[in-house]
Amino acid sequence: MAETDVMIRLQSVTKQYAGTELPAVGDLSLDIERGEFVTLVGPSGCGKTTTLKMINRIIEPTSGKILIDGVDALSMPAHELRRSIGYVIQQIGLFPHRTIAQNVGTVPSLLGWEDSRIAERTDELIEVVGLEREMLDRYPSELSGGQQQRVGVARALAADPPVLLMDEPFGAVDPIVRGHLQQEFLELQRKLGKTVVFVTHDIDEAIRLGTRIAILNIGGVLEQYDTPTEILSNPANQFVEDFLGGERGLKRLGLLPISSADIVRGPVADRTSTAEDARAVMAEHEVDWIGVLDGDRLLGWVEASALDGADLSEVEPRPFAVSLTADASLREALDSVVTGHARTAVVVDREGKYRGMLDLEAISEEITE
Amino acid sequence: MSVVFGQADQLLDWSWVERNIGQIVDRTWEHLTLTGISVALGLVISVLLAIVVLRWRWSYPPITGAAGLLYTIPSLALFALLVPFTGLSQTTAVIALTSYTLFILIRNIVAGIDGVPAYVKEAADGMGYTPRSRFWRIEVPLALPAIVAGVRIATVTTVGLVTVTAVIGLGGYGFFILRGLNTFFWTQLIVGVLLSVVLATILDLAFVALQAWLSPWSKRRAA
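Residues numbered from 1 in each chain as written. Chains lettered and ligands numbered in written order. Predicted model: local features only at pLDDT ≥ 70, side-chain atom pairs only at ≥ 80, totals over all residues.

Q: So what's going on with the environment of Thr201(B)? Which residues, and what values?
A: One can find Thr201(B) in helix H10 (residues 186–214). Considering only alpha carbons, one finds Thr201(B) and Val156(B), 45 residues apart in sequence, at a separation of 7.8 Å. (Helix = DSSP H or I, 4+ residues; strand = E, 2+ residues; numbered from the N terminus.)

Next up, the structure:
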């Protein structure tokens, strides 16, 4: 890793509160690369929020060093440091007495931007986070929780900071909205290339969002710091394994695209095939059904018993329940294998052309890998 | 006295009102200025004391304790206590009336600032406000409804208390009340009481309007 790639570096950072024996965070070192999405996760008391808040000095570290883009965070006044770091908290903390436009324009206004530039930026951002412009003149209390959190994200992005700190930002909204917000934010982050540090207590959220996950134990002890797939495949120790919980294999499958598994052509034949040809294909694959192709489209499937001497073109094929694109996850593929009649996931490309099939064996190989 | 008794059978003598309209206007002005000066002075002192409290928290119990003690002194007694020092003057009235506003105002100002949610303050810190700008641009505006509510209560209370200053020769509408009581001339008594209530009500409504105007954000709620 080249030195210049490190965006945030924590060096032996410690936070010790007066009157407590153990530090909230003790001697924690962590490098976060530019453009990374790092999730800090762990049980309550693990110091994940304390760690996050030391980066923008909402909590001042007792000892240690924090470098942001090579600059010592403690070398400048806290309020100046914070204007260059986006900050989103669970309770959102929009200013109730200010309109949405004023809320979004907070940091640009503190930085002394001209009004016209702030207005332009505000208009742009409200759309980036998927809200209507007419919301700009409203007050926070007039918005739903999900809308408020979008405004919270817009406010954090306003001055285009390279770093974004997020403290359980989607924790207070209902699960459906949370899912939407996660997905949207993930796409947004990929587009903007921000360095994100994201605190959550939800391991599934950490897995879903993070390019790397830092798993912390009580007192800010870093148990493992790696990519989600690596952590799921090779948990460093018992603590990590316990924290990951059950269904580790399934969680891992959720991260892998179908294209990473072995897609085979499967028992298929063109609709012009004779009954004899079709039987030969079924025999070869040791199955009692066959997929019917029309050129590069898969029309459906036909049972062996339905053929009964008839050619394929004479039988109406039954449609497959689900067909998946190659960028869907293996977990979705597994679901369609288990629920579908054919015990097989059908894979198509974006145009709907037949790509192949995936069976249980090919998927389970990925679980154990 | 016989003249007065002769009029006692009719509750409101409109001809008296017509004849004394000039005096009623003068007493209205007196009532308003005594109220205005006392509340304004009380607000200035309370803001200063509240700043002291917000800076040095330990000073909250002694400061509110002292203000609370003043609040419990019967107004009649307080005027009597002050007369040897400041005479039968407007100063006497203002000192007493002001001291009654402090308890309400200090508590409302401090409660207003304390009522700003911690996460709003944290968000403000996170955005890069300095402590001073956070106080003036986030905390004070958010505390304004509570502060105005305090001024409203203090004003209505003071309008009532001003009438008591009649005992030291002032009193605004209290002048009519006291004279009405002394002479059994009900018209004066009724005029004094009614106008005092009307004035308190008008000021109360004015502050309700001011509150709504100062905090448009709390009026509109999510549909």
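On we go.
Q: Could you give an account of the nonpolar core, naming the residues involved and the relevant values?
A: Counting residues in hydrophobic clusters, the biggest one holds 93 residues, and the most contacted among them are Leu40(A), Ala154(A), Leu165(A), Val197(A), Phe198(A) and Ile106(B). At 8 residues, the largest contribution of residues to this core is made by helix H8 (residues 131–162) of chain B. In this structure, Ile106(B) is in contact with Ser46(B), Leu49(B), Ala50(B), Ile63(B), Thr64(B) and Ala67(B), ignoring residues within four places of it in sequence. (Core = buried A, V, L, I, M, F, W, Y, C linked by C-beta atoms within 7 Å. Buried ≥ 20, exposed ≤ 12 C-beta atoms within 10 Å, placed from the backbone. Contact = placed C-beta atoms within 7 Å.)

Q: How would you explain H10(B) if you had to name every residue and give the values?
A: Residue and element names in this part refer to chain B. Here H10 contains 29 residues, and its C-alpha end-to-end distance of 42 Å stays within 8% of the 42 Å for a straight helix at 1.5 Å per residue. Along H10, the residues that are buried comprise Thr187, Gln188, Val191, Gly192, Ser196, Leu199 and Leu203. Close packing links the buried residues of H10 with helix H2 (14–19), helix H3 (21–55), H8 and helix H9 (174–183). (Expected span 1.5 Å × (residues − 1).)

Q: Please provide a residue-by-residue account of the interface of chain A and chain B, values included.
A: Each partner contributes to the interface: chain A provides 21 residues, whereas chain B provides 18 residues. Contributing elements (two or more residues each) for the side of chain A that touches chain B: helix H2 (78–83), strand S6 (85–89) and helix H4 (106–110) of chain A. Per-element accounting of the side of chain A that touches chain B gives the leading share, 4 residues, to H2(A). Broken down by class, the residue content of the side of chain A that touches chain B amounts to 9 nonpolar, 8 polar and 4 charged. (Nonpolar A, V, L, I, M, F, W, Y, C, P; charged D, E, K, R; others polar.)

Q: Describe the confidence of the model for chain B, naming the residues involved and giving the relevant values.
A: All names here are of chain B. A residue-level look at chain B finds 93% of positions with pLDDT of 70 or above and a mean pLDDT of 89. When pLDDT is averaged over each element of chain B, helix H7 (residues 118–127) comes out on top at 96 and helix H1 (residues 2–7) at the bottom at 45. Counting interchain partners and residues more than four positions distant, the pLDDT-below-50 stretch residues 1–8 has 7 contacts. For this predicted complex, the interface score ipTM comes out at 0.80, alongside a pTM of 0.80. (pLDDT = per-residue confidence, 0-100.)

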